[in-house]
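# Remarks on the overall topology
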Number of protein chains: 2
Amino acid sequence: MTSRTKAGRSTIHDIAADLGVSVSTVSRALTPGGTVSPETRRRVEEAAGRLDYRANRAARSLSTGRMHSIGLIVPDLRDPFFAEVAKGAQMRARSVDHTVYIADTDRSAELEFEAIDMMRRDVDGFLVCAPLGDDEALREHLRGTAAVMIHRELAGLPSVTSDLASGIAQAVQHLHALGHRRIAHVAGPDSSWGARRRRAAFDREVSDGDRVLLGPIADPFEGGVATADALLASGATAVIAYNDLVALGLVTRLRARGVSVPDGMSVVGFDGLDVATLATSLTSVAVPRQVAARSAVDLLLRALDEGGEPASVVLPTQLIVRDSTAPLRR
Amino acid sequence: MTSRTKAGRSTIHDIAADLGVSVSTVSRALTPGGTVSPETRRRVEEAAGRLDYRANRAARSLSTGRMHSIGLIVPDLRDPFFAEVAKGAQMRARSVDHTVYIADTDRSAELEFEAIDMMRRDVDGFLVCAPLGDDEALREHLRGTAAVMIHRELAGLPSVTSDLASGIAQAVQHLHALGHRRIAHVAGPDSSWGARRRRAAFDREVSDGDRVLLGPIADPFEGGVATADALLASGATAVIAYNDLVALGLVTRLRARGVSVPDGMSVVGFDGLDVATLATSLTSVAVPRQVAARSAVDLLLRALDEGGEPASVVLPTQLIVRDSTAPLRR
DNA sequence: CTGTTAGCGCCTTCAG
DNA sequence: CTGAAGGCGCTAACAG
């Protein structure tokens, strides 16, 4: 039997033997705060490199209790919004030697809870993207585990959100500046935290007489398609959609009806997805995703290390003006 | 000190104590092939449920050497193609009690290798989505670790690919049936395995005189936009794009030039992405993604368990006819 | 500053 | 069929 495990990987024992020191010395030399002589550390590092040593996470976790990994709960990876969150979280985590377990819950609150229960033991904490689902149940399943909410607030838990109210305000001001008065909003599902926030902001920014409220829709793109006719009938000259997919649905149906965008109708999306610029150059409110995910990772790790108060972060949103909005023609 | 670890989780010791049996009995009862009396197993399972027991993966891994997790290498999670692969892999893995570590390599071959080296020790094997990158280097970094390639063949390794040649053939036949003769192909990067395959199939399916080859392009959407004018100048009446994003770029520029799609130009995409149907109802060759990922997971686990010969799978592709292709007008 | 000694939670011989 | 014992690779007191 050789002194190496399968896959040709060596352990601290190999390094210790190679150098004629004890394994604990090696362990300390390899630990950031370890108290060893500079010379020893140098030799250990040299040997580690030479022997292609790589720490066994399982062993480390077992002994320290820290798994060096975090769980990411997302409703649907196919949605570019969440794909970017996943990308950001994963990259940031890797840069600080953590891995992320992604659980795609397929837009089911059931699976969401199940995934949390399943992974709880194998991660140090959670990043939760769960726009839907009941507050109480969610809090209950998260009890006893560190967690930070992304794009949703949940009392008592740290969160990273974006300034949706400002985003809506920017959109409304943009439309007002273009001369539009009667403005519609196609609302997202009431069960969504973000949809409620956008809608509330819209109610605040547009005065009663000018305000047209449509929706709520369920499926984004098809919901947009299905709402376009009501939009035309409403007399609004501009619309702010719940998100970019809804906006694309609206644009598709409007054009099919022979209504030009932006000349016949100004359309503002929300999220700032790349796909929204692909075939349709959509004016949209950009919502940070990778940055949000990175911040969430940092927040979580800080909470784990220092155990401070749950801090929350609100990231700015930014209106991106493209070709789907134009001055009101009279 | 209580008998439970943090996060309120119990161990097999708790179950053993609760039942007055030994930990090894509990361990066996909880192991599929374990040899215990049916009665004992029943009691153990009851207690496990009652005490909310959940096995500690780190401990299990340390003792068995199996990590119960697999690494997924993808170039970019933002690309809906890979997001779906990730989703499929993750869901299938979870259903067989495995987790997947996703490494987004940000389209860098460097990061690809780095990620493999980094994770090698913490996973049982890899699922590799690496269309780019050198064969030899990739094989070298994968040496000694189980791996299955997705959407790329690499001699000596099992793979899950799709029948790109058939997809191209279907597209060409469709266009021929519509009366088109002069057909163009906008090729993807030569460094991409899939791009080379599509192009070779195109060369085979379209006779020399009728064939127009454009590209290769680098950035998909912008590449499509940039190639549209050459397409028009080529005299082709139909085009098969490297992928859907390229097709969308083409359509965007064509329309800007005042050329109607499909009346002035028939456009076929490749991949069958949802985004392609959003604003543009694009005819496209659907390439399986979630299914491919699921198969890859199965292949990997089977190889790990049985260590058989590296089997490979080729999944079918299917032309989806929508509104971007029409009969040739003469 | 370094070596020795105990585990972390689980699986796996080996006896009984 | 079940219990006792040892070890997976690493970290964390505790002595020296």
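Everything below is about the structure shown above.
Below is a short write-up of the structure. (Residues numbered from 1 in each chain as written. Chains lettered and ligands numbered in written order. Predicted model: local features only at pLDDT ≥ 70, side-chain atom pairs only at ≥ 80, totals over all residues. Heavy atoms only, no water.)

A separate point is the pairing of strand β4 (residues 146–150) of chain A. Residue and element names in this part refer to chain A. Most of β4 sits inside the fold, with 4 of its 5 residues counted as buried. For strand β3 (residues 125–128) and β4, the ladder comprises 4 bridges, and the chain directions are parallel. Residue pairing for β4: V128 is matched across the bridge by M149. Pairing of β4 with strand β5 (residues 159–162), which is carried by 2 bridges, proceeds in the parallel orientation. Paired with M149 across the bridge in β5 is S159. (Buried < 20%, exposed > 50% of the residue type's maximum accessible area, 1.4 Å probe, protein only. Helix = DSSP H or I, 4+ residues; strand = E, 2+ residues; numbered from the N terminus. Pairing = 2+ DSSP bridges.)

Below, the discussion takes up empty space enclosed by the protein. Where empty space is left becomes clear once a probe the size of a water molecule has been rolled over the atoms. Under the counting rule described, the total for this entry stands at 3 cavities of 30 Å³ or more. By volume, the largest cavity is sized at about 200 Å³. Around the largest cavity, the lining is made up of 16 residues, and of these A58(A), Y101(A), R57(B), A58(B) and Y101(B) lie nearest the centre. When residues of the lining of the largest cavity are traced back to their parent elements, those giving at least two are α4 (57–64) of chain A together with α4 (57–64) and β2 (99–104) of chain B. Residues belonging to the lining of the largest cavity are distributed by class as follows: 6 nonpolar, 6 polar and 4 charged. Lining the second largest cavity, in full, are L248(A), V275(A), L278(A), A279(A), T280(A), L248(B), V275(B), L278(B), A279(B) and T280(B). Looking at the lining of the second largest cavity residue by residue, the class counts come to 8 nonpolar, 2 polar and no charged. (1 Å grid on protein atoms, 1.4 Å probe; cavity = no way out; pocket = protein on both sides within 12 Å on 5 of 7 lines; lining within 4 Å. Points joined across faces, edges and corners; volume = space filled by probe spheres on them. Nonpolar A, V, L, I, M, F, W, Y, C, P; charged D, E, K, R; others polar.)

Residue and element names in this part refer to chain A. Position of A247 among the secondary structure elements: in helix α11 (residues 244–256). On the basis of relative accessible area, A247 is assigned to the buried category, the value being 0%. Sequence-distant contacts of A247, defined by excluding residues within four places in its chain, comprise A241, V267, V268, G269 and L282. (Contact = heavy atoms within 4.5 Å.)

Moving on, we get to the interface of chain A and chain B. At the junction of the two partners, chain A supplies 52 residues and chain B supplies 52 residues. Along the contact surface separating chain A from chain B lie 8 salt bridges. One salt bridge connects K87(A) with D106(B), and the closest N-O pair in it is separated by 2.7 Å. Where chain A touches chain B, the interface holds 19 residue pairs in polar contact (both at pLDDT 80 or more). Contributing elements (two or more residues each) for the side of chain A that touches chain B: α4, α5 (80–95), β2 (99–104), α6 (109–119), α11 and α12 (275–278) of chain A. Split into classes, the residues belonging to the side of chain A that touches chain B amount to 24 nonpolar, 13 polar and 15 charged. (Salt bridge = Lys/Arg side-chain N within 4 Å of Asp/Glu carboxyl O. Polar contact = N/O pair within 3.5 Å; in protein donor to acceptor, adjacent residues only side chain to side chain.)

What is shown is where atoms sit, not what they do.
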